Structures are given as C-alpha cells and as structure tokens.
Amino acid sequence: MSDEPTGPPMTDNAFLGPWQGGARDPTFAGALSFMRRRYSRALDDVDTVVWGVPYDAATSNRPGSRFGPQAIRRASAIFDGDPQFPSGLDPFADMTVVDWGDCPFDYRRPQDVPGIIEEQAADILSHGCHLVTLGGDHSITLPLLRAHAAAHGPLALVQFDAHQDTWSDVGGGSHGSFVTTAEAEGLIDTSHSIQIGIRTVAPDDFGIEIVDAYEARELGVSGLIRRIRERVGMVPAYLSFDIDSLDPAFAPGTGTPVAGGLSSADALMTLWGLRMLDWRGMDVVEVSPPYDHADITAIAAATVVQHYLQIRAEGGGG
Ligand code: MN
Ligand code: MN
C-alpha cells in the first residue's frame, strides 16, 4: 500500500506548506521560493534564511545578475524536499529553512545599497539564523562579510571564482574589489583564506592562498579538498561562490566568463568534501540569466545551495 495522499497535490508550498518537510508542488507550477521553503520574515526557531539580493549595478562587463535570485529559485523547484543527493536525507525533516524574499533597495540610489544589505543581513543574523544569499553581482559580498564578521569575528574566506576580486576599490562600486576592502577592514582572516578556480591575474593576493583552475585540475577533487581543509582548519568560514569559477561550458550565464574553469561536478564534489568546516554563511553570485542557456547556470547555482543546505542539515557550520 502506498501512503501517497489522494487528490490533487497542494500547490504554493511557499505560502501554505509546513515549516519542515517536503513540498508536493509540481516542479513547473506554484509560487516559487528557494526549494519550496515557506516565505517568512518571522525568524524565531528558523535555522537558515535564504534571501536574494538582485543587484548588478557594479558589473564591469555583461549585466543581468539582478535576475539571478529569480532564476535560481526557479531552478531549485526540482529540489522539493525529498531525500536529496548526495546525503540521501531530506534536509528539511528537522531543519527549518525559510525564504525571506529579496533585499529591498532603491535602484536609483546605488550608493545606498551596500549599507542596506549590511543592515538587513545583520538583522537576520541577530535572530541567530544562518544566512544564505542568492546574488546579484559579487560586490554584494562586501556588506555580507561586514555583517557576518560583526557577528562572528574575522572569517576564513573560501572563494570559488575565476577572479581574485582584489582590484582597487575606487569608489566602492566594482564587483571585482570586495576582497580588497574586506582585507583592509579586517573582515577576513587572510592567513586561513583560499581562492579556488582563479584564471585571471590581479595586482594583489593579500597573502590569500590561491589554487588556480589548472592547479585544481592537477590536484583532483580529493587533493583540492585536502588543500582547502589544511588552509582553513576550524576557523569560522564564509563561502563565497562566484558561479564564474565554473567553466563557461557549465556556467555560460555569467557576467565575466573565462574559459578553462572547474566543472560543476568537481566544484560540487569539493564542496561536499568540506562539510566538516565551521561554516558561518554563504553566497552564490554572478548568475546572469540573460546569458544563460537551458538554465544551465541557474541549475548549477541552485545545486551549490542545495549541497550547502544538506551540510547544514548534517550539523555543519556554527
Ligand atoms: Mn567574483
Ligand atoms: Mn568572477
């Protein structure tokens, strides 16, 4: 006998579903939220908040990552709370994750946006929640790091990226300079920070360890996992996943694509191998749906977060 409920499946789990457990919306229907989690800004007893920051005004080349949160949510609908790969568990069986919606800001006042992101992130963190951010361009990571460092102290930055993002921060409006400012403000512990997948040349490394894309390929997944674990240790860590760390074959929909990058399988296997780190938060940025094809990039980004939430459910992170 099947215990499958009879009658039409309930839709709009994002508004009507239980706080934990799976959703039964068809993948192609219903109100979208990340992995069909309930939309909520009531954060008592919430473990993890997923929200979007649809901001791309700091993009240097191809814009469009303001549409990233919507596309990632849509791609995540296929992960509906059933047992998930690779843990084999339903991450929402005992863990409450909500979708907060998107960070509200006035697009006419881009100079105000970093402060608004930081303030709102700090408010979410003040409830004791873990925060997962869907970008947006990579400039949003700076205010996110400010909020997280205020809560946890300097963080080991684990950055997947084709770019070091250590260019000079003239005016504070570039998506290629968050590391420069984060280092200057003491938000990151550079001696435990590491960048993976780099394949461009920037002026500074600030002592951050770099495993460029070619070296990562030579190391292989297990060697790469070992390098990152040795570097980060058990220092509180923040994951910033720039989707352009992946090769354009695996992430065409991004603002500054660079050939020769990681495969999505290698990146996901590496992330899964880092589940014992002391994670304190994460973002996935630079998904630009206007340049995407067949949702390739949005699916990759949604899967990065799906893996991270399984790590949370297994007790990873503070
Ligand atoms: Mn970046
Ligand atoms: Mn990049």
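Above this text you will find the structure in question.
Draft legend 1. Inspection of the overall build of the chain at higher detail. Summing up its helical and strand segments, the chain has eight helices and nine strands in all. Taken against the 2.2 N^0.38 rule, which gives 20 Å for 318 residues, the C-alpha radius of gyration of the chain at 18 Å falls within 12% of a compact globule. Buried residues in the chain amount to 56% of all 318 residues. Counting every atom, the chain has about 12700 Å² of accessible surface; 53% of that belongs to carbon and sulfur. Taken together, the 21 basic and 43 acidic charged side chains of the chain have centroids lying 2 Å from each other.

Draft legend 2. Spotlight on the pairing of strand β5 (residues 156-160). Along β5, five of the five residues are buried, which leaves the element largely enclosed by surrounding structure. Because side chains alternate across β5, one face comprises the buried residues Ala156, Val158 and Phe160, and the other comprises Leu157 and Gln159, equally buried. Here five bridges tie β5 to strand β8 (residues 237-242), and the two strands are oriented parallel to one another. Counterpart to Gln159 in the pairing with β8 is Ser240. As paired elements, β5 and strand β6 (residues 194-198) share three bridges and run parallel to each other. Opposite Gln159, over in β6, you have Gln195 as the bridge partner.

Draft legend 3. Here's a closer look at the nonpolar core. Core analysis: the biggest nonpolar cluster contains 51 residues, and Phe34, Val158, Ile228, Ile243, Trp279 and Val284 have the highest contact counts within it. Considering each element in turn, this core owes the most residues, nine residues, to helix α8 (residues 296-313).

Draft legend 4. Spatial organisation of the packing of helix α3 (residues 113-126) against helix α4 (residues 141-152). Here α3 crosses α4 at 35°, and the two axes come no closer than 8 Å. Along this stretch, α3 crosses α4, giving a crossing that reads as right-handed. Residues Pro114, Ile117, Glu118, Ala121, Ala122 and Leu125 of α3 pack against Pro143, Leu144, Arg146, Ala147, His148 and Ala151 of α4. Split into classes, the residues belonging to the contact of α3 with α4 amount to nine nonpolar, one polar and two charged.

Draft legend 5. Layout of the pattern of salt bridges. This structure, assessed with the given rule, holds 14 salt bridges. Residue Arg280 is joined to Asp278 by a salt bridge in which the shortest nitrogen-to-oxygen separation is 2.7 Å. Look at Asp278 and you get buried, because its relative accessible area is 13%. Salt bridges linked by common partners bring Glu209, Glu215, Arg227 and Arg231 together as one network.

Draft legend 6. Here's a closer look at the coordination of the manganese ion (ligand 2). Looking at the manganese ion (ligand 2), one finds its protein donor set to be Asp161 (OD), His163 (ND1), Asp242 (OD), Asp244 (OD) and Asp244 (OD), positioned 2.1 to 2.4 Å from the metal centre. Within one chain, the residues donating to the manganese ion (ligand 2) are spaced in sequence as D-x1-H-x78-D-x1-D. Between the manganese ion (ligand 2) and the manganese ion (ligand 1) the interatomic distance amounts to 3.2 Å, and Asp161 serves as a bridging ligand to the pair. One end of the pair, Asp161, is in the loop between β5 and α5 (178-184); the other, Asp244, is in the loop between β8 and α7 (264-272), and 83 residues separate them in sequence. Residue Asp161 is classed as buried on the basis of its relative accessible area of 0%.

Draft legend 7. Representation of the environment of Glu215. Within the fold, Glu215 resides in helix α6 (residues 213-232). Judged by relative accessible area, which is 28%, Glu215 ranks as partly exposed. For the pair Glu215 and Ser288, spaced 73 residues apart in sequence, the C-alpha to C-alpha distance is 27 Å. Residues in contact with Glu215, not counting those within four places in the same chain, are Ile210 and Arg227.

Draft legend 8. Highlighting the packing of α7 against α8. As a packed pair, α7 and α8 sit with axes 10 Å apart at the nearest point and diverge in direction by 15°. Classified by the angle their axes make, α7 and α8 are roughly parallel. α7 and α8 meet at a crossing whose hand is right-handed. Contact with α7, carried on its side by Leu268, Leu271 and Trp272, involves Thr303, Val304, His307, Tyr308, Gln310 and Ile311 of α8 and no other residues of that element. Of the residues assigned to the contact of α7 with α8, the class counts are six nonpolar, three polar and no charged.

What counts and how
- Residues numbered from 1 in each chain as written.
- Chains lettered and ligands numbered in written order.
- Predicted model: local features only at pLDDT ≥ 70, side-chain atom pairs only at ≥ 80, totals over all residues.
- Heavy atoms only, no water.
- Helix = DSSP H or I, 4+ residues; strand = E, 2+ residues; numbered from the N terminus.
- Rg over C-alpha atoms; globule rule 2.2 N^0.38 Å.
- Buried < 20%, exposed > 50% of the residue type's maximum accessible area, 1.4 Å probe, protein only.
- Areas by Shrake-Rupley, 256 points an atom, 1.4 Å probe, with all protein chains shown as cover.
- Lys, Arg positive; Asp, Glu negative; His and termini not counted.
- Charge placed at Lys NZ, Arg CZ, Asp CG, Glu CD.
- Pairing = 2+ DSSP bridges.
- Core = buried A, V, L, I, M, F, W, Y, C linked by side-chain atoms within 4.5 Å.
- Axes fitted to C-alpha atoms, helices over the stretch in contact; angles between N-to-C directions.
- Left-handed = near helix turned anticlockwise from the far one by under 90°.
- Contact = heavy atoms within 4.5 Å.
- Nonpolar A, V, L, I, M, F, W, Y, C, P; charged D, E, K, R; others polar.
- Salt bridge = Lys/Arg side-chain N within 4 Å of Asp/Glu carboxyl O.
- Donors = N, O, S within 2.8 Å, 3.2 Å for Na, K, Ca; no water.
- Parallel < 35°, antiparallel > 145°, perpendicular 65-115°, else oblique.

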